[in-house]
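Listed here are the chains, written in short residue letters.
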Amino acid sequence: MIELEHLTKSFNGKKVLDDISLSVGAGEVVSIIGPSGAGKSTLLRCMNLLEVPDAGRISLGERSMELNASGRGHLSIAERFRTTWLRTELSMVFQQFNLWDHKTVLSNLMEGPTIVLKESRKEVEQRAHGVLEQVGLAEKAHAYPSDLSGGQQQRVAIGRALMMRPKAILFDEPTSALDPELVGEVLELMTNLARSGMTMIVVTHEMSFAKGVSDRVLFMENAKIAVSGTPDEVFGHPRLANYAAKLGASASPAPRESAPEAAAPDASGEAEGRS
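Before going into details, it helps to say that this report is about the structure given with it. Keep in mind the model is a prediction, meaning the values are calculated, not measured.

## Considerations on the overall build of the protein
Counting its regular elements, the protein contains nine helices and ten strands. Counting contacts in the protein only where the partners sit at least 6 residues apart, residues at least 24 apart contribute 68% of the total. A total accessible area of about 12,400 Å² is found for the protein, and carbon and sulfur atoms account for 48% of it.

Below, the structure is given as structure tokens:
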């Protein structure tokens, strides 16, 4: 369903994506792991053009966008009109929750469908209540983000992504800004989404999720996909030995049917940032 071909991206002369090609099928859960600075978040942001690749092709279904290296990371006027379509089809959940503080939870969920998709407010509100039920926050519809815990705010952000009825959801380290005791509730929701058939691409340091829930795991290193395969194949690969040891992760994946548990936070204690 999603096809990336030969994506490259540089910042200030430093290459952060080096000829990346990737295919993701409908209903597939793909986790992207690797050390900070490997290019994981940049790859995710390039998928829906929050960062514009210097070159390559992005395809979603039968539609595609060709990025020209001569443009040096800039879109043509025609291409700019297509970014809204792409971002609607590929919703994104960020490290920070990015909710509107002055709007209620219900209003946060309704904003995209009513403003971007021009859907009926009555129909959108009805769907929003259903989504809040799905993410376990039905009673928080009229609360404000400041009234919620970090885990609850991230669940609202996931609900907001679901409101756009996307073909896939991109998760950029969705638990990295949470206190350890709140990580589990977000991972549980993501696991339920995976089991429901939602296509998901997840940049994560939560090894239990990557090992136990993913159909495929990508290990990125030095701006490239160094290892790709099933959780068994990737976590058993010698290339990951030092990385796994750093995170205190075991070499063998957890059973696929098990619900994930909150993993220990990244030993570096730092978010990846742009790359």
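## A word on the pattern of salt bridges
Summed over the entire model, instances satisfying the criterion amount to 13 salt bridges. When the shortest N-O distance is used, the salt bridge between Glu89 and Lys167 registers 3.2 Å. In this pair, Glu89 sits in helix α2 (residues 77-89) while Lys167 sits in the loop between α5 (150-163) and β7 (168-172), placing the two residues 78 residues apart along the sequence. For Glu89, a relative accessible area of 17% corresponds to the buried category. Three or more residues are tied together by salt bridges with common partners; here these are Glu5, Arg57 and Glu66.

## Here we look at the sheet that holds strand β4 (residues 55-60)
Read from one edge of the open sheet, four strands run β2-β1-β4-β5, paired in antiparallel fashion. On the outer flanks of this sheet lie β2 (14-24) and β5 (63-67), each paired with one strand and no other. Neighbour-to-neighbour, the strand axes of the sheet open up by a mean angle of 15°, direction not taken into account. As paired elements, strand β1 (residues 2-11) and β2 share seven bridges and run antiparallel to each other. Bridge assignment links Glu3 to a residue of β2, and that residue is Ser23.

## Considerations on the sheet that holds strand β8 (residues 199-203)
Across a sheet, paired strands are connected by hydrogen bonds in the backbone, their directions being either parallel or antiparallel. Strand order in the open sheet formed by six strands is β6-β7-β8-β3-β9-β10, with mixed pairing between adjacent strands. The open sheet is flanked by β6 (90-93) and β10 (224-229), the only strands paired with a single partner. Ignoring which end each strand starts from, the neighbouring axes of this sheet average 20° apart. One ladder, built from five bridges, connects β7 with β8; its direction is parallel. Paired with Phe171 across the strands is Val202, a residue of β8. Contacts between α5 and the sheet are confined to β6 and β7, with β6 contributing the most and set at about 175° to the helix.

## Focus: the nonpolar core
Ranked by internal contacts, the top residues of the largest apolar core, which has 39 residues, are Ile158, Phe171, Met190 and Met200. Those elements that provide at least two residues to this core are α3 (105-115), α4 (121-134), α5, β7, α6 (180-195) and β8. The leading source of residues in this core is α6, at eight residues. Discounting residues that sit within four places of it in the chain, Phe171 has contacts with Leu44, Val93, Ile158, Met190, Leu193, Met200, Ile201, Val202 and Val203.

## Here's the deal with α3
α3 sits mainly inside the fold: eight of its eleven residues count as buried. Among the residues making up α3, those that are buried are Val105, Leu106, Asn108, Leu109, Met110, Gly112, Pro113 and Thr114. Residues of α3 that are buried make contact with α4 and α5.

## Concerning α4
Look at α4: 20 Å from first C-alpha to last across 14 residues, which is about the 20 Å you get at 1.5 Å a residue. Val124, Arg127, Ala128, Val131 and Leu132 are the residues of α4 that are buried. Here the buried residues of α4 occupy an arc of 145° about the axis, which is enough to place them on one side. Turned more than 90 degrees from where α4 packs its buried face, Lys122, Glu123, Gln126 and Glu133 sit exposed. Where α4 is buried, its residues contact α3 and α5. Gly136 occupies a position one or two residues after α4 and carries a positive phi of about 80°.

The rules behind each value
- Residues numbered from 1 in each chain as written.
- Predicted model: local features only at pLDDT ≥ 70, side-chain atom pairs only at ≥ 80, totals over all residues.
- Heavy atoms only, no water.
- Helix = DSSP H or I, 4+ residues; strand = E, 2+ residues; numbered from the N terminus.
- Contact = heavy atoms within 4.5 Å.
- Areas by Shrake-Rupley, 256 points an atom, 1.4 Å probe, with all protein chains shown as cover.
- Salt bridge = Lys/Arg side-chain N within 4 Å of Asp/Glu carboxyl O.
- Buried < 20%, exposed > 50% of the residue type's maximum accessible area, 1.4 Å probe, protein only.
- Pairing = 2+ DSSP bridges.
- Axes fitted to C-alpha atoms, helices over the stretch in contact; angles between N-to-C directions.
- Core = buried A, V, L, I, M, F, W, Y, C linked by side-chain atoms within 4.5 Å.
- Expected span 1.5 Å × (residues − 1).
- Arc of directions from axis to C-beta.

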